Amino acid sequence: IEEYEREIRGYLLQRMMDVPGLTVLGPQSSVERGTAIVAFVCDGVHPSDLGTFLDMEGIAMRVGHHCCQPLHSTGGVSHSARASL
């Protein structure tokens, strides 16, 4: 299970970093991250709107503070979206 999670974590990070205008918050390395949970923001799209748009396509995710306001402050954002695998 651990090896599979490591694989999907690396895949998730790489695919997200390939999306123009998407900024991954926190560690950029799969090794440093340690889990397949990724907070991110998209240029010009409020996380709540992004969550609604993706929900309409059948994709569930979390949006908001995620109890990590210090991470948001460090990244210069007020809210984020979060993908979890």
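Note that the coordinates shown come from a computational prediction; the quantities given were computed from them, not determined experimentally.

A. Region of interest: the overall build of the protein. For the protein, the count of helices and strands is four helices and four strands. Written out in order from the N terminus, the α and β elements of the protein read α-β-α-β-α-β-α-β. By the compact-globule yardstick of 12 Å for 85 residues, the protein fits well, its C-alpha radius of gyration being 13 Å. Burial analysis of the protein (85 residues in total) assigns 28% to the buried set.

B. Spotlight on the nonpolar core. In terms of nonpolar packing, the biggest core is built from 10 residues, these being Leu12, Leu13, Met16, Leu22, Val24, Val38, Phe40, Leu50, Ala81 and Ala83. Of all the elements, helix α1 (residues 2-17) adds the most residues to this core, at three residues. Apart from residues no more than four positions distant in its own chain, Leu12 is found in contact with Ala36, Val38 and Leu85.

C. Examining the sheet that holds strand β1 (residues 22-25) more closely. What the four strands build is an open sheet, ordered β1-β2-β4-β3; its pairing is antiparallel. Each edge of the sheet is formed by a strand with only one pairing partner; in this case those strands are β1 and β3 (62-64). Here the strands of the sheet are splayed against their neighbours by 30° on average, with no regard to which way each runs. Sheet topology places β1 next to strand β2 (residues 37-42); four bridges connect them, and they run antiparallel. Pairing of Val24 across the sheet is with Phe40, part of β2.

D. A look at the pattern of salt bridges. In total, this model carries one salt bridge according to the counting rule given. Residues Arg6 and Glu2 are paired through a salt bridge, measuring 3.6 Å at the closest nitrogen-oxygen approach. With Arg6 and Glu2 both in helix α1 and four residues apart, the pair spans about one turn of that helix. According to the relative accessible area criterion, Arg6 is partly exposed, its value standing at 41%. Glu2 gets classed as exposed once you look at its relative accessible area, which sits at 61%.

What counts as what
Along every chain, residues carry numbers that run from 1 in the direction the sequence is written. For this predicted model, a pLDDT threshold of at least 70 governs which residues receive local features, and a threshold of 80 or more governs which side-chain atom pairs are given and counted, while totals over whole chains, interfaces and linings are taken from all residues. With hydrogens and water excluded, all non-hydrogen atoms of the structure serve as input to the side-chain values. Only DSSP runs of H or I covering at least 4 residues are called helices, and only runs of E covering at least 2 are called strands; the numbering of each starts at the N terminus. We take the radius of gyration over the C-alpha atoms and set the globule estimate at 2.2 Å times the residue count to the 0.38 power. Only protein chains enter the area calculation, which uses a 1.4 Å probe; residues under 20% of their type maximum are buried, those over 50% are exposed, and those in between are partly exposed. The criterion is simple. A nonpolar core is a set of buried Ala, Val, Leu, Ile, Met, Phe, Trp, Tyr and Cys residues joined through side-chain atoms within 4.5 Å. Note on definitions: a residue-residue contact is assigned when non-hydrogen atoms from the two residues lie within 4.5 Å. Between any two strands, at least two bridges found by DSSP are needed for them to pair. Under this scheme, a helix contributes an axis fitted over its contacting stretch, all axes are lines through C-alpha atoms, and angles between N-to-C directions fall in the 0 to 180 degree range. In what follows, salt bridge is the name for a side-chain nitrogen of Lys or Arg lying within 4 Å of a carboxyl oxygen of Asp or Glu.

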